[in-house]
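Chains, contacts and geometry: an overview
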Amino acid sequence: MSKKINVGVIFGGRSAEHEVSLMSAKSMVAAMDKDKYCVHLIGITHQGQWLYAGQDNNSLEYKTVDEQTLPATRLDFSNASAKLINNTEGQQGAIFTQLDVIFPVLHGPFGEDGTIQGLFELSNIAYVGCGVAASAIAMDKALAKNAFKAAGLAQMDYQVYKYQHYLDHQSATIASIERELNYPVFIKPANMGSSIGISKAHNQTELIKGIESAFEFDNKIIIEVSADNAAEVECAILGFDNPEASVVGEILAGKEFYDYETKYFDGKSQTIIPAALPESVLEEVRAAALIAFAAIDGSGLSRVDFFVDRKTHKIYINEVNTMPGFTPISMYSKLWQASGVEYVELIDLLIEHAFQKHRQQARLICQTR
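Residues numbered from 1 in each chain as written. Predicted model: local features only at pLDDT ≥ 70, side-chain atom pairs only at ≥ 80, totals over all residues. Heavy atoms only, no water.

Here we take up the pairing of strand 2 (residues 37–44). Counting buried positions over the 8 residues of strand 2 gives 7, a clear majority of the element. Inspection of the sheet shows strand 1 (residues 5–12) paired to strand 2 by 8 bridges, in the parallel sense. Bridged to Phe-11 within strand 2 is Gly-43. In this fold, strand 1 hands off to helix 1 (residues 18–31), which returns the chain to strand 2; that crossover is right-handed. (Buried < 20%, exposed > 50% of the residue type's maximum accessible area, 1.4 Å probe, protein only. Helix = DSSP H or I, 4+ residues; strand = E, 2+ residues; numbered from the N terminus. Pairing = 2+ DSSP bridges. Right-handed = clockwise from strand over helix to strand, strands pointing away.)

Okay, here's the thing in structure tokens:
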């Protein structure tokens with residue numbers, strides 16, 4: 001029997017999407033082929049401490065990583081090594097395991113924004129998902145919009161503001177928004193996922209309240225015109241050198257917009273796969289998803305979200321999620337299932353792409369001297 005692949009599954013993290021990460025990791029680990037993979041569970045607390053759970057799947061039954069008492073650990077990045085080291089006080093230095101690949105099931109800042117991907121690069125280890133630059137660009141919605149614009153993708157009208165500018169020029173900022181954009185508008189933290197910190201404003205009072213709320217999550221925010229009378233559709237991307245696009249699905253939010261509670265907890269949202277749009281429009285969405293993925297230099301996986309005007313069928317890109325929710329009922333996995341790729345196979349392909357990307361990176365001269 002061939003040697004099992006040591007997979008480090010990282011979950012939790014410092015972002016507001018900590019709990020969602022545990023939900024994704026629990027589903028994924030349960031589905032992984034244990035004859036093929038030896039899974040090593042690594043939890044990150046809200047404070048950023050790394051804890052090693054080994055093969056104890058009970059660590060995924062908790063609501064947060066913070067509730068657990070586990071040995072501290074770290075990657076041996078200082079030696080460009082994929083070793084997982086005991087970092088518990090008085091026991092530092094012992095090796096827990098040598099990892100072959102990491103699957104970072106982390107959502108939001110400090111997990112999906114290029115920071116931890118940089119650590120993996122320093123540790124010289126294969127990892128699932130987009131690289132440093134793609135992760136950072138996609139997480140920063142303002143930077144992503146610049147990339148989409150350069151790629152020729154249509155977007156809703158928007159403005160970007162930083163915290164200090166707003167403090168210094170609040171009245172002028174509100175006046176500019178109301179002059180250039182029409183209500184209703186969405187207010188979004190530039191660096192956040194799962195619709196956390198997002199609100200919809202129909203008037204000035206709601207606008208100011210939404211801006212103040214969004215600034216609690218990020219020092220840069222986006223004000224964007226609402227895509228009224230539009231279908232909210234999503235397309236999943238899978239692959240490395242020759243990525244493929246899934247069928248297109250539609251989200252029916254069940255309330256005014258698809259917020260955090262609706263996505264994960266209240267069960268009111270519905271999905272239609274394939275989306276209830278003409279086939280020609282769905283093909284345009286799939287093509288646009290691949291363009292967006294290339295625009296950020298994506299690799300491995302992403303879910304690309306769009307608005308489609310129900311009357312004109314014009315397509316507007318919303319955002320790219322480089323580590324979307326990963327439960328069997330998450331849109332990413334459901335879209336691939338509808339495209340003929342089952343959940344277990346999806347995990348295998350993502351790990352295979354991680355190795356492929358790592359091998360390609362290793363051939364570079366700067367990596368081999």
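What follows picks up the thread again.
Turning our attention to the nonpolar core. By size, the foremost hydrophobic cluster in this structure holds 38 residues, and its most contacted members are Val-9, Phe-103 and Phe-326. Elements that contribute at least two residues to this core include exactly strand 1, helix 1, strand 2, strand 3 (50–54), strand 7 (101–104), strand 13 (230–239), helix 10 (331–338) and helix 11 (343–362). Sort the elements by how many residues they give to this core and helix 11 lands first, with 6 residues. Setting aside its immediate chain neighbours within four residues, Phe-326 contacts Ser-24, Ser-27, Met-28, Phe-103, Leu-301, Tyr-332, Tyr-343, Leu-346, Ile-347 and Leu-350. (Core = buried A, V, L, I, M, F, W, Y, C linked by side-chain atoms within 4.5 Å. Contact = heavy atoms within 4.5 Å.)

With that settled, the discussion passes to the packing of aromatic side chains. In the structure shown here, the tally under the stated rule is 7 aromatic pairs. Judged by centre distance (5.3 Å) and plane angle (70°), the rings of Tyr-163 and Phe-215 are edge-to-face. Taken together, the positions of Tyr-163 in helix 5 (residues 163–168) and Phe-215 in the loop between helix 7 (204–214) and strand 12 (220–225) put the pair 52 residues apart, joining distant regions of the chain. When its relative accessible area of 34% is taken as the criterion, Tyr-163 is described as partly exposed. Measuring from centroid to centroid gives 5.6 Å for Phe-326 and Tyr-343, while their planes differ by 40°, and the two rings are tilted. Note that Phe-326 is positioned in the loop between strand 17 (315–321) and helix 10 and Tyr-343 in helix 11, a separation of 17 residues in sequence. (Phe/Tyr/Trp six-rings, centres within 6.5 Å; stacked < 30°, edge-to-face > 60°.)

Let us look at the sheet that holds strand 10 (residues 185–189). Strands sit in the order 9-12-10-11 across an open sheet of 4 strands; the sheet is antiparallel. What marks the edges here is a single partner per strand, and that holds for strand 9 (158–162) and strand 11 (199–201). Averaged over all pairs of adjacent strands, the angle between their axes in this sheet comes to 25°, without regard to strand direction. Summarising the sheet, strand 10 and strand 12 pair through 5 bridges and their orientation is antiparallel. Across the sheet, Val-185 pairs through a bridge with Val-225, a residue of strand 12. (Axes fitted to C-alpha atoms, helices over the stretch in contact; angles between N-to-C directions.)

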